[in-house]
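Reading the structure
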Amino acid sequence: MASLRDLGLSEYEARAYRSLLQTGPTTAKELSRVSDVPMGRIYDVLNTIEQHNLVRSQSASRPKKYVAVEPETALDRLLNDKKRELNERAEQYETLVDQLAGELETVEPVEETFWTAAVGPEEAADLLVERISAADDRIVMVLSTHAGQFFDFDEIGTLVLDELTAAMERGVEIRLLMRPDLVPVLPESVGERYRNSLIEHELFSVRTSENVSGSFTLVDETEVVIEVPHPLQTDEIFAMIDFKDHEFTESVRAEFDPRWRNATELTF
């Protein structure tokens, strides 16, 4: 059940406010009796909820009397306090992230082979987006007809395009090479995004070539993210493998470069 404690009040503060709604204007002593808030705590409790602007006090009377603010007004004030508190906390976290970004440094890559895999379309998309977000210099994407099914998921395609856009904003060059027969099966939203924003970016270029098989993403000349199609259902992705090996990456790049030079610039 919803509780005033969910909006930041303590148990005693919630009891005192609820009791004031029932009693009307009353003294601290009487409120202590009806709310079961100990007399030794009642004044601190009243001071706190008065700071929250949930009660008003009549100082001229002896003894001093208190009255509850109407529930709708009180709840709005508690809600605004919570929003303000959350905004302040979010700003604090953003400041912490900015500070830590300068303190946490990635060690120089060790020249050894390392690989990891993600199984399933969503997990594969997460891995691809993660590795794109880690790029510093250049991203090469090669897409075959298998990848066309990957982009049939509008949400996943949007995630990838968003991350590619973010990469370009930090100065990463992106080259996308695909088979010509993939272009007609891409969702309309992807083509629209390409025409309206990506094509105008100087760091983004797309070409098509018949000499393309398989799908992979080359990140910063250091790692290759390889798409693994489903062995039984060719229209689905089975997994994504992130492979870090200097020699293998160089060989992949050596195979890509002549295909890129001989490819045709994409036009809609």
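Above this text you will find the structure in question.
Thresholds applied
- Residues numbered from 1 in each chain as written.
- Predicted model: local features only at pLDDT ≥ 70, side-chain atom pairs only at ≥ 80, totals over all residues.
- Heavy atoms only, no water.
- Axes fitted to C-alpha atoms, helices over the stretch in contact; angles between N-to-C directions.
- Helix = DSSP H or I, 4+ residues; strand = E, 2+ residues; numbered from the N terminus.
- Parallel < 35°, antiparallel > 145°, perpendicular 65-115°, else oblique.
- Contact = heavy atoms within 4.5 Å.
- Nonpolar A, V, L, I, M, F, W, Y, C, P; charged D, E, K, R; others polar.
- 1 Å grid on protein atoms, 1.4 Å probe; cavity = no way out; pocket = protein on both sides within 12 Å on 5 of 7 lines; lining within 4 Å.
- Points joined across faces, edges and corners; volume = space filled by probe spheres on them.
- Pairing = 2+ DSSP bridges.
- Expected span 1.5 Å × (residues − 1).
- Buried < 20%, exposed > 50% of the residue type's maximum accessible area, 1.4 Å probe, protein only.

**Looking at the packing of helix α2 (residues 28–35) against helix α3 (residues 39–51)**
Look at α2 against α3: their axes get within 9 Å of each other, and the N-to-C directions meet at 110 degrees. By the angle between their directions, the pair α2 and α3 is classed as roughly perpendicular. Where α2 approaches α3, its residues Ala28, Lys29, Leu31, Ser32 and Ser35 are matched on the opposing element by Met39, Ile42, Tyr43 and Leu46. Across the contact of α2 with α3, the residue classes tally to six nonpolar, two polar and one charged.

**Comments concerning the layout of surface pockets**
Space inside the second largest pocket adds up to approximately 200 Å³. For the lining of the second largest pocket, the elements supplying multiple residues, two or more each, are β9 (223–229) and α9 (246–261). In terms of residues, the lining of the second largest pocket owes the most to one element, α9, which gives four residues.

**Let's talk about the sheet that holds strand β3 (residues 65–68)**
Paired through backbone hydrogen bonds, the strands of a sheet run either parallel or antiparallel to each other. With respect to topology, three strands assemble into an open sheet ordered β1-β3-β2, the strand pairing being antiparallel. Each edge of the open sheet is held by one strand with a lone partner, namely β1 (26–27) and β2 (55–58). Of the strand pairs in this sheet, β2 and β3 are connected by four bridges, and their pairing is antiparallel. Looking at the pairing, Val55 lines up with Ala68 of β3. The sheet strands contacting helix α1 (residues 11–23) are β1, β2 and β3, and the helix crosses β3 at an angle near 95 degrees. Packed onto the sheet, α3 meets β2 and β3 and runs at close to 115 degrees relative to β2.

**A short note on α1**
Given a rise of 1.5 Å per residue, 13 residues ought to cover 18 Å, and the 18 Å separating the end C-alpha atoms of α1 matches this to within 8%. Turning to α1, its buried residues are Glu13, Ala14, Ala16, Tyr17, Ser19 and Leu20. Each element contacted by the buried residues of α1 is listed here: β1, α2, α3, β2, β3 and α4 (71–103). A positive backbone phi angle near 75 degrees is found at Gly24, which sits one or two residues after α1.

**So, the sheet that holds β9**
Spatial ordering of the open sheet is given by β4-β10-β9-β8-β5-β6-β7-β11, a layout of eight strands whose pairing is mixed. Strands with a single pairing partner mark the edges of an open sheet, and in this sheet they are β4 (114–119) and β11 (264–265). Note: strand β6 (residues 173–178) against strand β7 (residues 204–208), five bridges, orientation parallel. Bridge pairing links Arg175 to Ser205 in β7. Contacting β5 (138–143), β6, β7, β8 (216–219), β9 and β10 (237–244), α9 runs over the sheet at an angle of about 70 degrees to β6.

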